[in-house]
Amino acid sequence: MQTDQLGLDAELAERIGEVFGHANDGMDALERRAAELLPGADAIVWEGDPATFEFTYVGRAAERVLGYPLGRWREPGFWAETVVPPDDAPDAVAFCALATGQGQDHDFQYRAVTAAGRVVRLHDVVVVLRGARNVPERLRGIMIPLPDPDADAGFR
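Small disclaimer: the values here were computed from a predicted structure and weren't measured. (Residues numbered from 1 in each chain as written. Predicted model: local features only at pLDDT ≥ 70, side-chain atom pairs only at ≥ 80, totals over all residues. Heavy atoms only, no water.)

Draft legend 1. Structural context of the side chain of Arg121. Looking at the secondary structure, you find Arg121 in strand β4 (residues 119–130). The buried category is assigned to Arg121, whose relative accessible area is 1%. Polar contacts involving the side chain of Arg121 include one to the side chain of Gln109, which spans 3.4 Å. (Helix = DSSP H or I, 4+ residues; strand = E, 2+ residues; numbered from the N terminus. Buried < 20%, exposed > 50% of the residue type's maximum accessible area, 1.4 Å probe, protein only. Polar contact = N/O pair within 3.5 Å; in protein donor to acceptor, adjacent residues only side chain to side chain.)

As structure tokens, this is what we get:
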């Protein structure tokens, strides 16, 4: 997986690749590896549908980092309409849709709004898992909160 698009250092990129493991690994395994390989990062592991961008799984760190109950993450449009600010949502969704449609793993940064209304910056690393005929079947990702002093900066 290539995650140098936004300048992740090689060691961090390697650890993120190890967290993803194999496509048939369960999400509990990804969460355990994220806790071991990215200690202190409060990384949010997730899985979603590449056609709808709806989450099918979101790790427990999502509640700690962003404050929304895990059940909310499965609501249609939750990420694009609630988590990502309206100024960033069109670019973030379009970027994901284009990369996913091309079957490309991708990473990007964006602002996220917590349940308390605070703005945090996330670096989202996404792997496209393909099924029959090489068509995207599932998305898996890791959202890593960034210690970013300029959290007001938009989509990157």
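Draft legend 2. Broad picture of the packing of aromatic side chains. All chains considered together, the criterion is met by eight aromatic pairs. Note on Trp79 and Tyr110: the rings are 5.5 Å apart at their centroids and 90° apart in plane angle, and the pair reads as edge-to-face. Of this pair, Trp79 sits in helix α4 (residues 78–83) while Tyr110 sits in strand β3 (residues 106–113); the two residues are 31 residues apart in sequence, bridging distant segments of the chain. Comparing Trp79 with Tyr110, the two get one shared label, buried. Among the aromatic residues, those joined into a cluster by ring pairs are Trp46, Phe55, Tyr68, Trp73 and Phe78. (Phe/Tyr/Trp six-rings, centres within 6.5 Å; stacked < 30°, edge-to-face > 60°.)

Draft legend 3. Here's a closer look at the sheet that holds β3. Spatially, five strands are ordered β2-β1-β5-β4-β3 in an open sheet, and the strand pairing comes out antiparallel. One side of each edge strand has no neighbouring strand; the edge strands of this open sheet are β2 (55–58) and β3. Mean inter-strand twist for the sheet, computed between neighbouring axes without regard to direction, equals 25°. Note that strand β1 (residues 44–48) and strand β5 (residues 136–146) share five bridges and pair antiparallel. Note that in β5 the partner of Ile44 across the bridge is Met143. The sheet strands contacting helix α1 (residues 10–20) are β4 and β5, and the helix crosses β5 at an angle near 135°. Each of β3, β4 and β5 touches helix α5 (residues 89–101); the most contacted strand, β3, lies at about 155° to it. (Pairing = 2+ DSSP bridges. Axes fitted to C-alpha atoms, helices over the stretch in contact; angles between N-to-C directions. Contact = heavy atoms within 4.5 Å.)

Draft legend 4. Representation of the nonpolar core in the model. By size, the foremost hydrophobic cluster in this structure holds 26 residues, and its most contacted members are Ile44, Leu66, Trp73, Trp79, Val83 and Met143. Secondary structure elements with two or more residues in this core: β1, β2, α3 (61–66), α4, α5, β3, β4 and β5. Contact partners of Trp79, with chain neighbours within four places excluded, come to Phe55, Trp73, Val84, Ala92, Val93, Cys96, Phe108, Tyr110 and Met143. Within the second largest apolar cluster, 17 residues are counted, among which are Leu12, Met27, Leu37 and Val127. (Core = buried A, V, L, I, M, F, W, Y, C linked by side-chain atoms within 4.5 Å.)

Draft legend 5. Quick peek at the pattern of salt bridges. This structure, assessed with the given rule, holds eight salt bridges. Salt-bridge contacts for Glu75 lead to Arg72; the nearest nitrogen and oxygen are separated by 3.3 Å. Judged by its relative accessible area of 34%, Glu75 is partly exposed. Across the pair Asp88 and Arg111 runs a salt bridge whose closest N-O atoms are separated by 2.9 Å. Here Asp88 is found in the loop between α4 and α5, whereas its partner Arg111 is found in strand β3, with 23 residues between them in sequence. (Salt bridge = Lys/Arg side-chain N within 4 Å of Asp/Glu carboxyl O.)

Draft legend 6. Quick peek at helix α2 (residues 27–37). What α2 keeps buried is the set Met27, Ala29, Leu30, Glu31, Arg33, Ala34 and Leu37. In the core, the buried residues of α2 are packed alongside α1, β1, β2 and β5.

Draft legend 7. Up close: unusual backbone geometry. Although it is not a glycine, Phe53 sits at a positive phi angle of roughly 60°. You can see Phe53 is positioned in the loop between β1 and β2. One non-glycine residue, Arg133, lies in positive phi territory at about 60°. Considering the arrangement of structural elements, one finds Arg133 in the loop between β4 and β5.

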